[in-house]
Amino acid sequence: MARVAIVTGGTRGIGEAISLALKDQGVRVAANYAGNDEKARAFTERNGIAAFKWDVGDFAACAAGVKRVEEELGPVEILVNNAGITRDATLHKMTAEMWDEVIRINLGGCFNMAHACYPGMRSRRWGRIVNIGSINGQAGQYGQVNYAAAKSGIHGFTKALAQEGARSGVTVNAVAPGYIDTDMVAAVPPEVLEKIVAKIPVGRLGQASEIARGVAFLCSEEAGFVTGSTLSINGGQHMY
Ligand code: CAA
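About the criteria used
Residues numbered from 1 in each chain as written. Predicted model: local features only at pLDDT ≥ 70, side-chain atom pairs only at ≥ 80, totals over all residues. Heavy atoms only, no water. Helix = DSSP H or I, 4+ residues; strand = E, 2+ residues; numbered from the N terminus. Polar contact = N/O pair within 3.5 Å; in protein donor to acceptor, adjacent residues only side chain to side chain. Buried < 20%, exposed > 50% of the residue type's maximum accessible area, 1.4 Å probe, protein only. Contact = heavy atoms within 4.5 Å. Near = heavy atom within 4 Å. Areas by Shrake-Rupley, 256 points an atom, 1.4 Å probe, with all protein chains shown as cover. Pairing = 2+ DSSP bridges. Axes fitted to C-alpha atoms, helices over the stretch in contact; angles between N-to-C directions. Salt bridge = Lys/Arg side-chain N within 4 Å of Asp/Glu carboxyl O.

A. Representation of the side chain of N82 within the structure. Residue position: N82 is located in the loop between strand 4 (78–81) and helix 4 (96–124). Of the polar contacts made by the side chain of N82, one reaches the backbone oxygen of G9; its length is 3.0 Å.

B. Molecular detail of the side chain of T171. Relative to the helices and strands, T171 is located in strand 6 (residues 170–177). Overall, the relative accessible area of 4% leaves T171 in the buried class. With sequence-adjacent residues up to four places away left out, T171 is seen in contact with G127, R128, I129, L218, A223, G224, V226 and T227.

C. Region of interest: the site of the ligand. Neighbouring the ligand are 18 residues; D88, K93, S134, Y142 and Y147 lie closest to it. Within the side chain of Y179, a nitrogen or oxygen atom sits 2.8 Å from an oxygen atom of the ligand. Within the complex, the protein chains bury 58% of what would otherwise be the 1100 Å² of accessible surface of the ligand. If you list the elements that add at least two residues to the shell around the ligand, you get helix 7 (183–186) and helix 8 (190–198).

D. Layout of the environment of Y33. Turning to its location among the elements, Y33 is positioned in strand 2 (residues 28–33). Each C-alpha atom, one on Y33 and one on A83, is 8.0 Å from the other, the two residues being 50 residues apart in sequence. Apart from the residues within four sequence positions on either side, Y33 is in contact with T11, A40, A51, F52, K53 and W54. A distance of 2.9 Å separates polar atoms of two side chains, one belonging to Y33 and the other to D37.

E. Expanded view of the sheet that holds strand 5 (residues 127–132). An order of 3-2-1-4-5-6-7 is seen for the 7 strands of this open sheet, with the pairing classed as parallel. This sheet does not close on itself; its edge strands, each paired only once, are strand 3 (50–53) and strand 7 (230–233). For this sheet, the mean inter-axis angle between neighbouring strands, taken without regard to orientation, is 20°. Across 4 bridges, the pairing between strand 2 and strand 3 is parallel. Its bridge partner being in strand 3, A31 is matched across the sheet by A51. Strands in contact with helix 2 (residues 37–47) are strand 2 and strand 3; relative to strand 3, the strand with the most contacts, it is inclined by about 160°. Along the sheet, helix 4 makes contact with strand 1 (4–7), strand 4, strand 5 and strand 6, crossing strand 4 at roughly 170°.

F. Just the pattern of salt bridges, in detail. A full pass over the atoms with the stated rule returns 9 salt bridges. Residue E221 pairs with R3 through a salt bridge whose shortest N-O separation is 2.6 Å. Here R3 lies in the segment before strand 1 and E221 lies in the loop between helix 9 (208–218) and strand 7, a separation of 218 residues in the sequence.

Next comes the structure, spelled out in structure tokens:
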């Protein structure tokens with residue numbers, strides 16, 4: 001029987017590549033999304049993967065969304081917390097709303113989704129949770145105190161839950177992408193992005209599929225002894 005996965009933010013960018021990589025691995029995937037119905041419909045038509053709409057920053061919506069997926073596809077055994085947003089500004093220009101929104105979605109989303117999925121994994125004694133962190137959570141980034149704090153929080157969350165889940169066969173790991181060729185990175189001002197790319201030893205942006213391969217490995221049967229780890233995929237930009 002194929003395992004069932006939820007990929008949050010799974011219809012676009014890195015999330016779409018993860019949904020596809022898991023599908024290729026024989027997993028039945030539910031791709032969560034929050035906003036863009038049209039893009040989600042196109043994603044389902046393109047890839048034959050069901051899309052489910054809810055806001056990962058909303059605790060009750062996550063519980064209801066996971067219930068819906070379980071009714072349609074079966075118990076969720078793999079969770080990829082990928083959904084994330086940026087609201088970049090230097091601290092003196094950042095509003096409380098920009099702070100709250102990023103913490104609520106990027107970090108709160110991991111708690112809300114794990115809270116809905118982890119008890120079932122624990123009772124069935126098998127589970128895989130992969131949280132998408134960031135190079136900017138490891139190293140910090142100018143103009144991103146909110147995003148860096150949320151992503152850094154994800155790395156701590158991962159190590160804490162890994163300790164709790166280990167005895168129940170639930171592994172919890174993080175993947176920390178560097179700068180990947182997605183809409184999110186395309187929103188960085190070109191002159192800023194040029195300077196960032198100049199500091200990447202591999203000399204280019206990463207591809208979403210290069211992140212997805214790492215996530216798919218951590219979700220596989222063979223990765224049962226890997227837990228609490230962070231896989232950095234960043235072209236050598238930060239060796240951590
Ligand atoms: N270090 C030191 N100084 C810096 C700097 C840096 N990294 N970046 C900018 N500065 C300087 C600028 O040179 C400028 O100095 P001068 O006034 O002396 O010329 C000053 O800081 C002000 O910078 P800006 O004009 O850029 O300020 P702004 O308010 O217009 O914009 C910003 C600030 C929105 C943060 C903009 O710099 C920006 O978008 N930076 C990119 C942030 C970034 O990398 N985001 C990542 C998004 S992708 C992602 O997050 C995915 C992932 O996980 C990797």
